[in-house]
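Chain residues, written in single-letter form:
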Amino acid sequence: MRLFPFGTTAVANGPALINELRNAPDDAFSFAEFADKARYTISPALKESRYHVPIVRTTLTRNLAGLFPDLLDEMNSAFKESIFNLDGLKDGEWKSIPVHRNIMELVCRTTNRLVVGAPLCRNKEYRDLIINFTIDVAKSSMFINLFPTFLHPIVGPILSQTNKTQRKMLRLAGPLIEERKVKLAADKNYADKPNDYLTWILEDAPPGFEQTTEGWAIRLLQMNFAAIHTSSATFTHAIFHLATQPEYMAVLREEIDTVIESDGWSKASMQKMKRLDSFLRESSRLNAIILTSLNRFALRDYTFQDGTFIPKGNFVTASLYSLHMDDENYEDAKVFKPWRFVEMRENGEEGESVKHQFTNTSVEYLSFGLGKHACPGRFFAANEIKAMMCYLVQNFDVKLPDGVTERPTNQYFGTSVTPNQTAEVMFSRRKRV
Ligand code: HEM
């Protein structure tokens, strides 16, 4: 029996169904087919090849410790050369800053130091292109999805901005791609070969379209699409929590100052900051980037163990929101308890420590997805966001603007969640005692 019209999304609720969805084979519920929804807004190439995924999951993650100094170098100058520079401010004076857009700038520049390197990561036109690209993709896919699937091949190309964006990307990044391609062809270990994402995709691209300047430009756009808004939103949500309850600053500061003083700035130091890790996991539990996770497309009929029948041609997803807000899974689930996970780590049994870390996925925690398609960039993202939180906590005091008592409300576009786009937070130079 067909339960719903072709193209409907079924929502799996609760750990048991979500576990079954996670374990279902790709020939039943396909991630790539779901991702192909972006064929008009990003590119059909992403269905043909997903060679970037192991590069993000393995090469980037393995290189994190070695590349951490580059990330810090860019982050430090990005903070100093942006609206977050409070140098002119007197002690105790506050400056109001619209957070989300400025955090996107910081994250975009810092991330791209490891994606394309300097100086391109500092090019304002390049950064604007990337930041606006994600917004364009979200908007145009919302419009495209208002039409029935059989009309997408017609309305998709009309409503999407992707051709214009790709042309701009080719103009901005094309010369760098060409230059590196020529150098690699002459000598695959040429002197000063950058160790970054662009080099890795130049080395690993499968033959054909992927080995063209256009193919590489699309992979750069796609990587930025996956990385920038997700990390910026996560960091902004954490800032909103801290500004709403600045009493948590002292605890974070104690941990961060102690670790940095004894171990310096490194990936290993980030690992040691259990309170910071817990703060970010809790903030992301309440403010994940999506209301539903594990989006898949049914390539064949599938019957869940509880009898729920999903006909071929429909979408399936997992309800993240109800899972994260359920008192059965989290005591006082709607309350922000920043030390919730560090307490679980400390009070739990052996092995529990890893289970409650920021980057750990489970049937109770879906902010990074779950199973074989869980976010491969989460280890990078966690380290980058932690480094930025450390910078913030070490250098600034934060609070909500005068007269504002509530945390800025989140905004929703379909199932996407973003931090409040316009909300401001007051920043002041840290009072040294
Ligand atoms: C806090 C920041 C981030 C969040 C919350 C996040 C979240 C997610 C989620 C929910 C998924 C879908 C997983 C699923 O359906 O099971 C995903 C996939 C993905 N993410 Fe992230 N992400 C973040 C940062 C990043 C970064 C920094 C990168 C790249 C460096 C990245 C690269 C990807 C890629 C390539 C996929 C597709 C995986 C596949 O095709 O199997 N993400 N991410």
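Structure shown above.
Computed from a predicted model, the values in this text were never measured in an experiment.

Undergrad: Honestly, the sheet that holds strand β8 (residues 396–399) in this entry has me stumped. Any pointers?
TA: Sheets are built from strands paired through backbone hydrogen bonds, the pairs being either parallel or antiparallel. Spatially, 3 strands are ordered β3-β11-β8 in an open sheet, and the strand pairing comes out antiparallel. In this open sheet, the two strands that pair with only one neighbour each are β3 (94–98) and β8. Strand after strand, the sheet turns through a mean of 35° between neighbouring axes, direction not considered. Relative to strand β11 (residues 424–429), β8 runs antiparallel, the two sharing 4 bridges. By the bridge assignment, Val398 is partnered in β11 with Phe427.

Undergrad: What is the right way to look at the pairing of strand β4 (residues 292–298) in this model?
TA: Side-chain direction in a regular strand flips from residue to residue, so the side chains alternate between the two faces of the sheet. For β4, the buried fraction is high: 7 of the 7 residues fall into the buried class. Pairing analysis gives 2 bridges linking strand β2 (residues 29–30) to β4, with the strands arranged antiparallel. The residue bridging Ser30 from the neighbouring strand is Phe297, located in β4. Both β4 and strand β7 (residues 315–319) contribute to a ladder of 4 bridges, which runs antiparallel. When the bridges of β7 are listed, Ser293 appears paired with Ala318.

Undergrad: What should I look at first to understand the packing of helix α8 (residues 162–186) against helix α9 (residues 197–204) in this one?
TA: Following both chains from N to C, one finds α8 and α9 inclined at 55°, their axes separated by 11 Å at the closest point. Between α8 and α9, the angle falls in the class oblique. α9 is crossed by α8, and the crossing has right-handed handedness. Facing Leu176, Ile177, Arg180, Lys181 and Leu184 of α8, the residues of α9 in contact are Leu198, Thr199, Leu202 and Glu203. A per-class count over the contact of α8 with α9 returns 5 nonpolar, 1 polar and 3 charged.

The rules we used
- Residues numbered from 1 in each chain as written.
- Predicted model: local features only at pLDDT ≥ 70, side-chain atom pairs only at ≥ 80, totals over all residues.
- Heavy atoms only, no water.
- Pairing = 2+ DSSP bridges.
- Helix = DSSP H or I, 4+ residues; strand = E, 2+ residues; numbered from the N terminus.
- Axes fitted to C-alpha atoms, helices over the stretch in contact; angles between N-to-C directions.
- Buried < 20%, exposed > 50% of the residue type's maximum accessible area, 1.4 Å probe, protein only.
- Parallel < 35°, antiparallel > 145°, perpendicular 65-115°, else oblique.
- Left-handed = near helix turned anticlockwise from the far one by under 90°.
- Contact = heavy atoms within 4.5 Å.
- Nonpolar A, V, L, I, M, F, W, Y, C, P; charged D, E, K, R; others polar.

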